[in-house]
Amino acid sequence: MSTNGLISQDTIVALATSPGAQGAIAVIRVSGNEAINIVNGVFKGKDLTAQDSHTIHFGTIREGEEILDEVLVSLFVAPNSYTKENSVEISTHNSKYIIERIINLLIKKGARAARAGEFTLRAFLNGGLDLSQAEAVADLIASNSAASHQVAMQQMRGGFSNQLKQLREDLVHFASLIELELDFGEEDVEFANRDQLKSLIQKIYTVIGKLIQSFEQGNVLKNGVPVVIAGKPNVGKSTLLNALLNEERAIVSDIAGTTRDTIEDEINIHGVTFRFIDTAGLRDTEDVIEAKGVERTREKMKQARLIIYLFDPTQDNIAVVQQQISEVRDLNIPFVTIINKSDLLAEGDRAEYNVLNPLYISAKKQLGIDELKEELLNQVNLSNINTDDVMVTNIRHVEALQLTQAALERVLYGIDNPVTSDFLAMDIRQSLHHLGEITGTVTTDDLLENIFSKFCIGK
Ligand code: GDP
């Protein structure tokens, strides 16, 4: 593993809690060989260098004679910490001024400001986490629904990588047997039993296939279900969107500090996030009327995993409605047929639409909205997903799995056809390489920098 550029002996410091957030307490994290010594140098209380790991101590942080704050200091002695290094967490009062003073003081005493993700990078480099677990830490922090939380938690606890590690070890065993055959050159020896190798490869191939398949659902759980509300102008698309979002906002805006922007076009139904695509365009009905607008709507529909198709029975007759439905059906994306403005439709007039098996709602009068939400959930069929199942949620992982699969196919071909051991060995090595990329057994500085630079400072 080439990580020389990233390994560093420096003791690093950063604010671990959210900068600028309201709240009583902030936590400053320090990690590295000198972490305990450096903090001890500015801490008045017990001698921290003489205390046990996993103990908490009350005292003051001082710069010269000046008391900066009364704090609690938590000690983690290497290797029993997140980073596997000596680590200290200082709980201070949550004042921007105090935090800056303490961090600057620790830097003066020999620590260095941590880079984005550097604590988790160290946890990875020191063997505390594998790469997919480290990535799950970021997902866990970003999780905003019960489903995304469960998937990240499951990945962080290693379910996914444990399975791969075992398979990889079995394959390493075969790779070395085959490489041994190479040493014997001309002599026609077979150390690696081809039948056993074949059945192992088939087993790995099946497991990987399932993991790749799980990505679609895993990704949906993590990032939300992309939904498009479609239909002709004036059928009530914006009204429906607002009806769905407003209810949500009323709940969310009670929580202090939540940003409106991030939830603007999302709703959460029983722990699953539904994300409405390009709803800004929807609000702009002028745009949709244009031919170009219609074309764009079709493009958007293709990105959706679910389409809500809206009709206005006061505008469209059944023939028009059926024509439009067949167009949507061609896209092969699950869709929900909705007759809106049901408040304007006499009960007796519904019969002609029943062949479409639609849901009747009134976006304006907020009728049928709960039933619609239930239907959305049914359509994506997530309610029966067992989030304890191993699930892939990361595009980097799925790409590595696909490359592994392609290499395994070549191995299988090689077993059944007269291919020399050196080619077989090469394809097995390729599979091992791609499998290793997921857990970080095989990695490069560029890859790590790319992954960890997306973390926040302090993680
Ligand atoms: P869009 O062009 O599809 O986004 O349609 P709008 O949401 O702008 O709605 C067009 C018109 O239909 C507006 O005047 C709405 O107030 C009205 N409208 C929407 N939903 C309903 C409904 O359920 N019942 C009635 N009576 N009018 C509705």
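By the naming in an unreviewed UniProt entry, the chain is tRNA modification GTPase MnmE, taken from Sphingobacterium tabacisoli. Recorded in UniProt for the chain, the comment headed Subunit (unreviewed entry) runs: "Homodimer. Heterotetramer of two MnmE and two MnmG subunits."

*Asks:* Which residues make up the overall build of the chain, and what values go with them?
*Replies:* Within the chain one finds 17 helices and 13 strands. Across the 459 residues of the chain, 48% fall into the buried class. Look at the contacts in the chain between residues 6 or more apart in sequence, and 68% of them connect residues 24 or more apart. Of the roughly 22,900 Å² that the chain leaves accessible, carbon and sulfur atoms contribute 49%.

*Asks:* Before we move on, can you summarise the packing of helix α7 (residues 194-223) against helix α15 (residues 395-416) with the specific residues and values?
*Replies:* Relative orientation of the contacting elements α7 and α15 amounts to 155 degrees, with a least axis distance of 9 Å. Here α7 is positioned roughly antiparallel relative to α15, judged by the angle of their axes. In terms of crossing hand, the pair formed by α7 and α15 is left-handed. Of α15, the residues touching α7 (which contributes R194, L197, K198, I201, Q202, I204, Y205, I208, G209, L211, I212 and F215) are I395, V398, L401, Q402, T404, Q405, L408, E409, V411, L412, I415 and D416. Taken together, the residues that form the contact of α7 with α15 break down as 15 nonpolar, five polar and four charged.

*Asks:* Account for the packing of aromatic side chains, with residues named and values stated.
*Replies:* Scanning the model with the defined rule gives two aromatic pairs in all. Centroid distance Y309 to F311: 5.1 Å. Interplanar angle 40 degrees. Geometry classified as tilted. The pair Y309 / F311 is uniform in exposure class, with both members buried. Sitting above the plane of the Y360 ring, R350 keeps its charged end 4.1 Å from the centroid.

What counts and how
- Every chain begins its residue count from 1, and numbering advances along the sequence as written.
- The model is predicted, so local features are restricted to residues of pLDDT at least 70 and side-chain atom pairs to those at 80 or more, both for listing and for counting; the totals for chains, interfaces and linings are taken over all residues.
- Heavy atoms from the whole structure form the basis of all side-chain values; hydrogens and water molecules are not counted.
- UniProt positions are given in the numbering used here, feature names are shortened, and annotations may be inferred rather than shown by experiment.
- Each helix is a run of H or I in the DSSP string that is no shorter than four residues. Each strand is a run of E no shorter than two, and both are numbered from the N terminus.
- Three labels apply to residues, based on accessible area from a 1.4 Å probe with only protein chains included: buried if under 20% of the type maximum, exposed if over 50%, partly exposed otherwise in between.
- Residues count as neighbours in contact if any of their non-hydrogen atoms are within 4.5 Å of one another.
- For accessible areas, the Shrake-Rupley method is used with a probe of radius 1.4 Å. Any residue's cover is judged against the shown protein chains and nothing else.
- For helices, the fitted axis covers only the stretch in contact; all axes are lines through C-alpha atoms, and the angles between them, taken along N-to-C directions, range from 0 to 180 degrees.
- Working definition: roughly parallel below 35 degrees, roughly antiparallel above 145 degrees, roughly perpendicular at 65 to 115 degrees, and oblique for all remaining angles.
- It is the rotation of the near helix from the far one that decides the hand of a crossing: anticlockwise by less than a right angle makes it left-handed, clockwise makes it right-handed.
- Think of it as three bins: nonpolar holds Ala, Val, Leu, Ile, Met, Phe, Trp, Tyr, Cys and Pro, charged holds Asp, Glu, Lys and Arg, and polar takes everything else, Gly as well.
- Any pair of Phe, Tyr and Trp rings, taking the six-membered ring for Trp, is counted once the centres come within 6.5 Å. Such a pair is stacked with planes under 30 degrees apart, edge-to-face with planes over 60 apart, and tilted for the rest.
- Working rule: Lys NZ or Arg CZ, within 6 Å of ring centre, within 35 degrees of ring normal, means a charge sits over the ring.

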